[in-house]
Amino acid sequence: MKALWIAGLLSGAGLATPAVATAQVAPDHVEHIEHRGGIVEARYQVVTQTVQRQVGAPGPGGRMASLRCVWSVDLTVRREARLPSGALASRQLERPRVLTGTRAGWCKGQESAIAGEVARRTDRLRAEMLAAAQEDRQEVIADAERLHAGHREG
């Protein structure tokens, strides 16, 4: 279930060039929200985006290197709410930099270590998704009201 997409290449020592990886790491979350028109089913799907930035420079012979990989994970929560009428209301919620870290060395050489750290912290990603879903609850109700009103008039 972890599909990775990698883009970006390091173009030279000491240059900060982003590398991006995305993965779906948390299972869907479903909430049933009562509305005067019936029960609205809101389904949330999480997609992560890991951004890596190479900073510093390798050390010449006998000198310490400052080369490191600075990374962060952005979370996108995609919501689809289905009303009893069958209408669908969707929304995308962005949660930037929910995880951050740094690793010594080249980003390319740290990809699996970073992926492992992100995998160990799925509880944090899930907590962020649940917080986004909770914050979205009023928006789901507002969407349901608009769609319900439009359905009654049409």
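Along every chain, residues carry numbers that run from 1 in the direction the sequence is written. In view of the model being predicted, local features appear only for residues whose pLDDT reaches at least 70, and side-chain atom pairs are presented and counted only at 80 or more, with totals across whole chains, interfaces and linings using the full set of residues. Derived side-chain values reflect all non-hydrogen atoms in the structure, with water molecules and hydrogen atoms excluded from consideration.

J.: I'd like a rundown of the pairing of strand β5 (residues 68-82), residues and numbers included.
T.: Any two strands with at least two DSSP-identified bridges between them are counted as paired. In this text, helices come from DSSP runs of H or I with a minimum length of four residues, and strands from runs of E with a minimum of two, each type numbered from the N-terminal end. Looking at chain direction, strand β4 (residues 38-55) and β5 are connected through 15 bridges and run antiparallel. Paired with A42 across the two strands is A81, which belongs to β5. Bridge analysis of β5 against strand β6 (residues 88-104) gives 14 bridges, and the strand direction is antiparallel. From the neighbouring strand, V77 faces β6, where its bridge partner is L93. Here β5 folds back onto β6, and the loop between the two strands holds five residues, one of which, G86, carries a positive phi near 100 degrees.

J.: Tell me about the state of the cysteines, and please be specific about residues and values.
T.: Two cysteines joined by a covalent bond between their sulfur atoms form a disulfide. For this text, the term disulfide refers to a pair of cysteine sulfurs within 2.5 Å. Using the criterion set out here, one finds one disulfide in the structure. A disulfide bridge connects C69 with C107, and the sulfur atoms are separated by 2.2 Å. Residues C69 and C107 are joined through a disulfide that is right-handed, its torsion about the S-S bond being 105 degrees. Here C69 is found in strand β5, whereas its partner C107 is found in helix α1 (residues 107-120), with 38 residues between them in sequence. For the pair shown, C69 and C107 are each scored as buried. Any residue under 20% of the maximum accessible area for its type is buried, any over 50% is exposed, and the rest in between are partly exposed; the area is computed with a 1.4 Å probe on protein chains only.

J.: Please give an account of unusual backbone geometry that cites residues and values.
T.: A positive phi angle is found at R97, which is not glycine, with a value near 50 degrees. The class of R97 is exposed, set by a relative accessible area of 54%.

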